Amino acid sequence: MLWILVLFMVLLPIALYVLIYTSTNAQIDAIRSGRVQAPGGPQQIRQLEDLIASLRPARLPDMAMGLVFPIAAILAIVLAGSTTGNEFGWGTVRTVLTHVPRRVAFLAAKLVSLAGAGVALVVAGFGAALVASVVVALMSGADLSVPGDFAGRLLLNIGKVGYVTLPYVAFATMVAVLARSAAGGIGFGLVLFFGESLISGIAIQLNRDLRPLFDAGIARNVSTITRASVVAEGVPPPPLAHPAEAGLAYLILALYVVAFVAIAVHRIAKRDLTLA
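Residues numbered from 1 in each chain as written. Predicted model: local features only at pLDDT ≥ 70, side-chain atom pairs only at ≥ 80, totals over all residues. Heavy atoms only, no water.

Let us now look at the pattern of salt bridges. The final tally for this structure, using the stated rule, is three salt bridges. With its nearest N and O atoms 3.9 Å apart, the salt bridge here joins D149 to R153. Within the structure, one salt-bridge network assembled from shared partners comprises D62, D149 and R153. (Salt bridge = Lys/Arg side-chain N within 4 Å of Asp/Glu carboxyl O.)

So, about the side chain of N157. Its location among the elements puts N157 in helix α6 (residues 150-179). Side-chain polar atoms of N157 contact the backbone oxygen of P61, separated by 2.9 Å. What N157 contacts, discounting residues up to four positions off in sequence, is P61, D62, M65 and F126. (Helix = DSSP H or I, 4+ residues; strand = E, 2+ residues; numbered from the N terminus. Polar contact = N/O pair within 3.5 Å; in protein donor to acceptor, adjacent residues only side chain to side chain. Contact = heavy atoms within 4.5 Å.)

Turning our attention to the confidence of the model for the chain. Should pLDDT be low for a region, the predicted coordinates there are not to be read in detail. Counting all residues, the mean pLDDT for the chain is 85, and 86% of those residues have values of 70 or more. This model gives residues 229-237 a pLDDT under 50, and the stretch forms 15 contacts once residues within four places in sequence are excluded. (pLDDT = per-residue confidence, 0-100.)

So, on to α6. With 30 residues, α6 ought to run about 44 Å at 1.5 Å a step, and its terminal C-alpha atoms sit 44 Å apart, in line with that. Roughly 25 degrees is the biggest bend found in α6, and it falls at L166, with proline P167 one to four residues downstream. Taken across its 30 residues, α6 has 21 buried, putting it largely inside the fold. Note on α6: the residue one or two positions beyond its end, R180, has a positive phi of about 55 degrees. (Expected span 1.5 Å × (residues − 1). Bend = angle between axes of the 7 residues up to and from the residue. Buried < 20%, exposed > 50% of the residue type's maximum accessible area, 1.4 Å probe, protein only.)

So, about the packing of aromatic side chains. Tallied over the entire structure, the rule returns seven aromatic pairs. Here the aromatic rings of Y168 and F193 are separated by 5.3 Å at their centres, their planes lie at 75 degrees, and the arrangement is edge-to-face. Here the residue Y168 occupies a position in helix α6, and F193 occupies one in helix α7 (residues 182-206), the gap between them amounting to 25 residues. With respect to burial, Y168 and F193 carry one shared label: buried. When the ring of Y256 is compared with that of F260, the centres are 5.9 Å apart and the planes differ by 35 degrees; the resulting orientation is tilted. Of this pair, Y256 and F260 both sit in helix α10 (residues 243-270), four residues apart, which is roughly one turn of that helix. (Phe/Tyr/Trp six-rings, centres within 6.5 Å; stacked < 30°, edge-to-face > 60°.)

What follows concerns unusual backbone geometry. One non-glycine residue, R180, lies in the positive phi region at around 55 degrees. With respect to the helices and strands, R180 occurs in the loop between α6 and α7. Under the relative-accessibility criterion, R180 is labelled partly exposed at 35%.

Below, the discussion takes up the nonpolar core. Across soluble globular proteins, nonpolar side chains show a tendency to be buried alongside one another. Grouped together as the largest cluster of nonpolar side chains are 60 residues, with contacts concentrated most on M9, Y17, F69, F126 and Y168. Listed by contribution, the elements that provide at least two residues to this core are α1 (2-33), α2 (41-53), α3 (60-89), α5 (100-140), α6, α7, α9 (218-226) and α10. Per-element accounting of this core gives the leading share, 15 residues, to α3. In contact with Y17, other than residues within four places in its own chain, are L55, L60, M63, A64, L67, A129, A132, S133 and V136. (Core = buried A, V, L, I, M, F, W, Y, C linked by side-chain atoms within 4.5 Å.)

Okay, here's the thing in structure tokens:
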């Protein structure tokens, strides 16, 4: 299953890069030829050209971070929920795990392998995005040069995306253990990924006093860590997180991972596996 997910992780960024380039270029041609009457035509063309410029290899570290993270997180949730939940669905745990220490070691090995698989998905995604950015640059005749800090920024952002996928992997694994179901781990994991930001946005609009509560959530701290430093040419970048704020975000996500893993370990250690 991992190889199928890696294949998706490779193909989707490439497809998205090419789709963004071809659709944006088509819009520019339509506006310039007069087929589309756009208010503020020259300004809109500049904005579209800035979008194409963001696909250049020099802009890859930040562009890929925003593109790869959601795909990698979703695929990691699917992998964690299915591989953990299927151990119960197929009855593997009944024959393999008869002693509590072995159960804990089993779950620890499972989590380590899932974390490694999540990192592999992220690396594959960034690699695919790099290939796609070169292809798009060749198609558009853009500059292929990269700044001197390119490799450092790329590795840093790969690390960031790999780190922020861990809470979702741990959560999906925990739910799969609690529910003894792959569907439960995948379903609730996806609900957390998609629903937290939506619910927090609505709740804060209704009552701003709830902001501190949601600021301690996973999505808010993932956003703090993955905040891109470059948007478009000529546009001031968004303010980066203060080091103290970023450090707190790393700590909060680590606490979530520890909590989810502790719950899963406690549950599998106490569970009567004959009922699995």
